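# Fold and geometry: a report
Residue-level listing of the chains:
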Amino acid sequence: MTKHALYLHVPFCVHRCAYCDFNTYAGQDALIPAYVDGLIREIELISASRQIAAKSIFFGGGTPSLLSPIQLASLMETLRANFAWDDALEASLEANPGTVSLDYLQKLRDAGFNRLSFGVQSAHPDDLHLLERIHDFWDVIHAVKWARQAGFDNLSLDLIFGLPEQPLSRWQETLKYALDLHPEHLSLYALTVEHGTPFGHWVARGMIPLPDPDLAADMYEWASEFLAENGYIQYEISNWAKPKYECQHNLQYWRNLPYLGFGAGAHGYAARTRYANILGIQPYINRLKKGSMIEFPRSPASISKEEISPYQAMQETMMLGLRLTQEGVSAEDFRSRFGSSVEDVFRQELDELFSLALLEWADIGNEKALRLTPHARLLGNQVFRRFVG
Ligand code: SF4
């Protein structure tokens, strides 16, 4: 039975942060109970159509920690009742450090979650103020302490660098403070200024400067060295982990393996079909109340689908797999999955990328894998574009 990663989207936030372009809404908390009912129905509908084993569970958002422990436990119960999984399964929840308590985290642990991902972003009050985050770094310190007391031994912290007017020294301090909390995993993202967000308007009107890309590159390189010195392995362009703490859920995406997305605006990829759900919370609830399954993997909430051809699957396997800085794309896996060698399918692209020193062959155990060269990690998009056009 092919294992599927399971993603549940929770599109509620206390406040919309100035840089955020995720599908999430503030001031809609009254809809949470009906939304949870919708999620339960969607899980039941999709899983009723075939037997599915779960690879991992991830509650993302939005702010999943706005759901009550009872609501989260009932969702976990529904997943447990409808998918096969073993006890070692990674079950993650994204949490806003300003929304948790010790009691809350203990209840999450009791419900079966074993990994937390805290949206920290920065240790500096000026950065957090600019980003319009609702927490400060004291909230992070408390949240991590409570998570440990509650028995979580797998914590991830998300940080953002390359903010307007953020000097290198402030980023270095953020990373040092973050490491003092001994997380098992770190995700570091360069700020992207998205059109349509308050940040986008401020930049367009000259109210704040655009982040300096050269400085952001220096921040990234400094972080890579600092984290390596401190025992973290960079396993993906933006992700570092202590050995054996790589995020199993995200690995499933990067390996281009199947996942099911539940909730408003969630995406999924299974049975050679990619699909997307309707964005709005109320429309999502309405569709789940009335509708019936379209066909696996699409529930009544699904509004679009794309059949993925074998060639497209190969292209996407390259684009996603090359994000994995250690593992890359295994030549053997590629051949056994698609029946052709990666050199035959992408000869021209590979020759070009080798000549630009952006790609290399690496020996991993007894296998050969294609990987980005270290200096190509900052130029990933140039490489990926060659595979997907
Ligand atoms: S908490 Fe996260 S998801 Fe919610 S608005 Fe802020 S950045 Fe977006």
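Rules used throughout
- Residues numbered from 1 in each chain as written.
- Predicted model: local features only at pLDDT ≥ 70, side-chain atom pairs only at ≥ 80, totals over all residues.
- Heavy atoms only, no water.
- Salt bridge = Lys/Arg side-chain N within 4 Å of Asp/Glu carboxyl O.
- Helix = DSSP H or I, 4+ residues; strand = E, 2+ residues; numbered from the N terminus.
- Buried < 20%, exposed > 50% of the residue type's maximum accessible area, 1.4 Å probe, protein only.
- Domains from an automatic or database assignment.
- Contact = heavy atoms within 4.5 Å.
- Buried area = accessible area lost by both parts, 1.4 Å probe.
- Polar contact = N/O pair within 3.5 Å; in protein donor to acceptor, adjacent residues only side chain to side chain.
- Nonpolar A, V, L, I, M, F, W, Y, C, P; charged D, E, K, R; others polar.
- Patch = residues over 30% accessible without salt bridge, like charges linked within 9 Å, V, L, I, M, F, W, Y side chains within 5 Å.
- Areas by Shrake-Rupley, 256 points an atom, 1.4 Å probe, with all protein chains shown as cover.
- Lys, Arg positive; Asp, Glu negative; His and termini not counted.
- Charge placed at Lys NZ, Arg CZ, Asp CG, Glu CD.
- 1 Å grid on protein atoms, 1.4 Å probe; cavity = no way out; pocket = protein on both sides within 12 Å on 5 of 7 lines; lining within 4 Å.
- Points joined across faces, edges and corners; volume = space filled by probe spheres on them.
- Pairing = 2+ DSSP bridges.
- Right-handed = clockwise from strand over helix to strand, strands pointing away.

### Some words on the pattern of salt bridges
Taken as a whole, this structure holds 14 salt bridges when the rule is applied. Between lysine 107 and aspartate 103 there is a salt bridge whose closest N-O contact spans 2.9 Å. Of the two residues, lysine 107 and aspartate 103 are both situated in helix α3 (residues 102–111); the distance of 4 residues between them amounts to about one turn of the helix. Here lysine 107 falls in the partly exposed class, since its relative accessible area comes to 38%. Since its relative accessible area comes to 43%, aspartate 103 is described here as partly exposed. For glutamate 306, the salt bridge is made with arginine 274, and the minimal N-O distance between the two is 3.4 Å. A residue pair is termed long-range when its members are at least 10 positions apart, and glutamate 306 in strand β14 (residues 302–307) and arginine 274 in strand β13 (residues 273–277) qualify at 32 residues.

### Considering the domain arrangement of the protein
Examined at the domain level, the protein breaks down into domain 1 (3–253) and domain 2 (310–388). With centres defined by C-alpha atoms, the gap from domain 1 to domain 2 works out at 28 Å. Facing the 11 residues of domain 1 at the interface are 9 residues of domain 2. At the boundary of domain 1 with domain 2, total buried surface from both sides reaches about 900 Å², with 60% on carbon and sulfur atoms. The largest per-residue losses of area from domain 1 upon contact with domain 2 belong to Gln234, Glu236 and Ile237, which jointly make up 49% of the total buried on that side. Here domain 1 and domain 2 share 1 salt bridge between them. The salt bridge involving glutamate 236 is made with arginine 323; its shortest N-O contact spans 2.5 Å. At the boundary of domain 1 with domain 2, the tally comes to 7 residue pairs in polar contact (both at pLDDT 80 or more). If one sorts the elements of the side of domain 1 that touches domain 2 by residue count, strand β9 (residues 233–236) sits on top with 4 residues. Split by residue class, the side of domain 1 that touches domain 2 holds 7 nonpolar, 2 polar and 2 charged.

### Here's the deal with a negative patch on the surface
Side chains of Asp212, Asp214, Asp218, Glu221, Glu225 and Glu229 sit close together on the surface and give a patch of like negative charge. Along the chain, the position of aspartate 218 falls in helix α8 (residues 213–229). Given a relative accessible area of 42%, aspartate 218 falls into the partly exposed group.

### Some points on the layout of surface pockets
Any empty space left between atoms is shown by rolling a water-sized probe over those atoms. For the second largest pocket, the calculated volume is near 400 Å³. Around the second largest pocket, the lining is made up of 21 residues, and of these Thr2, Pro258, Tyr269, Ala271 and Arg272 lie nearest the centre. Elements supplying a minimum of two residues to the lining of the second largest pocket: β12 (267–270), α11 (310–321) and α12 (331–338). Across the lining of the second largest pocket, the residue classes tally to 13 nonpolar, 5 polar and 3 charged. When residues of the lining of the second largest pocket are sorted by domain, at least three fall in each of domain 1 (3–253) and domain 2 (310–388).

### What to know about the pairing of strand β5 (residues 90–95)
The element β5 is extensively covered by neighbouring structure, given that 5 of its 6 residues are classed as buried. Note that strand β4 (residues 53–61) and β5 share 4 bridges and pair parallel. Directly across from isoleucine 57, in β5, lies its bridge partner alanine 91. For the handedness criterion, the β-α-β arrangement of β4, helix α2 (residues 69–82) and β5 is classed as right-handed. As paired elements, β5 and strand β6 (residues 115–121) share 4 bridges and run parallel to each other. Across the sheet, the residue bridging to leucine 93 is leucine 116, located in β6. In this view, the connection linking β5 to its parallel neighbour β6 by way of α3 has right-handed handedness.

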